[in-house]
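So the chains spell out like this:
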Amino acid sequence: MLTRNPMDTRGLLVTGAHPKCGKTVACAGLAGVFDELGFPTQAIKPLSFQPMLSIRKGFEQTFFDRIIPPRQAVEVFSAESPLAMKPLEWQHLIEICRKRIYPYILETPGNVASPIRYAQNEMYDSVDLSKALEIPMLIVTAKQPDLIACLAPVFAYLWHRDASAIGWLAVETTPTTAPDWDSEILYLRSHYNIPYLGEIAYSPSISVEALQQGNLLRHTELGVDLLPIQQALNLLIPL
């Protein structure tokens, strides 16, 4: 495994508590807000798992680039499955991230424990990628009822793996009624040492599939505590 150079660009790995949780929306919103505030940041998703003939390859990266014109091209590649992920492709993924010019927000495929690579009968997931890049994680969940049932296993897994997580946030992917949301946040806060950083509210004008940004940046700035993320990315005050 490559060792980290102290001059490597800082990054943040964004992974999900479950599928379809709003990771792409969160990455795009955060990178877009920091860019507007004068901190050049880039959202990237270089790796996906798709059938070889899929027309969706690089779909998320296209959404990112519509929000922030890319300052540095992202070399996007895909594998049919983690079983097909070759050792050189794993190393290539790490090099893509470490060669960033600007701080990056990396979206990973799947959820926190989804396999990214199998090698010598061992499985590598988002936690392993976070450790290989030596960058912290941010967990995303869709806003939904039964928050504890969704996140408690995730937080237990992160603790078991000794993962570095700066916090978690929610994306309201659909209009949601979650009557116990605040009390469940308090429960998670008191039982796990992973801060809640806020939520990105639902808006019908935000669509990854239609490449529509809508009011994503405003919802992100209003709903998310940006300071821990800014500190994780080591963003300096612009002169």
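Refer to the structure presented above.
Residues numbered from 1 in each chain as written. Predicted model: local features only at pLDDT ≥ 70, side-chain atom pairs only at ≥ 80, totals over all residues. Heavy atoms only, no water.

With six of its six residues buried, strand β8 (residues 137-142) lies for the most part within the structure. Both faces of β8 are covered, namely the face carrying Met137, Ile139 and Thr141 and the face carrying Leu138, Val140 and Ala142. Pairing of β8 with strand β9 (residues 165-171) involves six bridges; the strand directions are parallel. Within β9, the position partnered with threonine 141 by the bridge is alanine 170. As for the winding sense of the linkage, the β-α-β connection from β8 through helix α5 (residues 147-160) to β9 is right-handed. (Buried < 20%, exposed > 50% of the residue type's maximum accessible area, 1.4 Å probe, protein only. Helix = DSSP H or I, 4+ residues; strand = E, 2+ residues; numbered from the N terminus. Pairing = 2+ DSSP bridges. Right-handed = clockwise from strand over helix to strand, strands pointing away.)

Here the focus is the environment of arginine 71. Inspection of the secondary structure assignment puts arginine 71 in the loop between α2 (59-67) and β4 (77-79). Residue class for arginine 71 comes out partly exposed when judged on its relative accessible area of 39%. Spatially, the C-alpha atom of arginine 71 lies 9.8 Å from that of arginine 100, the residues being 29 residues apart in sequence. Apart from the residues lying within four places of it in its own chain, the contact partners of arginine 71 are Asp35, Pro40, Thr41, Gln42 and Tyr102. A polar contact of 2.5 Å, which involves the side chain of arginine 71, links it to the side chain of aspartate 35. (Contact = heavy atoms within 4.5 Å. Polar contact = N/O pair within 3.5 Å; in protein donor to acceptor, adjacent residues only side chain to side chain.)

It is worth spelling out the sheet that holds strand β5 (residues 104-111) at this point. Read from one edge of the open sheet, six strands run β2-β5-β1-β8-β9-β10, paired in parallel fashion. The two strands at the open ends of the sheet, each matched to only one other strand, are β2 (42-44) and β10 (196-200). Between one strand axis and the next, the sheet turns through 25° on average, direction left out of account. Sheet topology places β2 next to β5; three bridges connect them, and they run parallel. Looking at the pairing, isoleucine 44 lines up with leucine 106 of β5. Contacting β2 and β5, α2 crosses the sheet at an angle of about 165° to β2. (Axes fitted to C-alpha atoms, helices over the stretch in contact; angles between N-to-C directions.)

This next bit is on the packing of α5 against helix α6 (residues 181-191). Between two packed helices, what matters for the description is the angle formed by their axes and the separation of those axes. Remark: α5 packs on α6, axes separated minimally by 10 Å, with the N-to-C direction vectors making an angle of 20°. Regarding the angle of α5 to α6, the classification is roughly parallel. Classified by chirality, the crossing of α6 by α5 is right-handed. Facing α5, whose interface residues are Leu147, Ile148, Leu151, Ala152 and Phe155, α6 presents Trp181, Glu184, Ile185, Tyr187 and Leu188. Of the residues that constitute the contact of α5 with α6, the class distribution is nine nonpolar, no polar and one charged. (Parallel < 35°, antiparallel > 145°, perpendicular 65-115°, else oblique. Left-handed = near helix turned anticlockwise from the far one by under 90°. Nonpolar A, V, L, I, M, F, W, Y, C, P; charged D, E, K, R; others polar.)

A word on the packing of aromatic side chains. Under the definition given, this model contains six aromatic pairs. Taken together, a centroid distance of 6.3 Å and an interplanar angle of 80° make the contact between phenylalanine 34 and phenylalanine 39 edge-to-face. Accessibility expressed as a relative area gives 0% for phenylalanine 34, which makes it buried. Measuring from ring centre to ring centre gives 4.5 Å for tryptophan 168 and tyrosine 196, while their planes differ by 40°; the resulting arrangement is tilted. Taken together, the residues tryptophan 168 in strand β9 and tyrosine 196 in strand β10 connect sequence positions 28 residues apart. By way of ring pairs, the aromatic residues Phe155, Trp168, Trp181, Tyr192 and Tyr196 are connected into one cluster. Positioned above the aromatic ring of tyrosine 124 is the side chain of arginine 117, whose terminal nitrogen or guanidinium carbon lies 5.0 Å from the ring centre. (Phe/Tyr/Trp six-rings, centres within 6.5 Å; stacked < 30°, edge-to-face > 60°. Lys NZ or Arg CZ within 6 Å of the ring centre and 35° of its normal.)

Along the chain, the position of glutamine 72 falls in the loop between α2 and β4. Residue classification places glutamine 72 among the buried residues on the basis of a relative accessible area of 16%. Along the backbone, glutamine 72 and alanine 132 are 60 residues apart, and their C-alpha atoms lie at a distance of 22 Å. When near neighbours in sequence (up to four residues on either side) are disregarded, glutamine 72 contacts Gln42, Lys99, Arg100, Ile101 and Tyr102. In terms of polar contacts, glutamine 72 uses its side chain to reach the backbone carbonyl oxygen of lysine 99, at 2.9 Å. Here isoleucine 101 takes part through its backbone nitrogen, which lies 2.7 Å from a polar atom of the side chain of glutamine 72.

These figures capture arrangement, not role.
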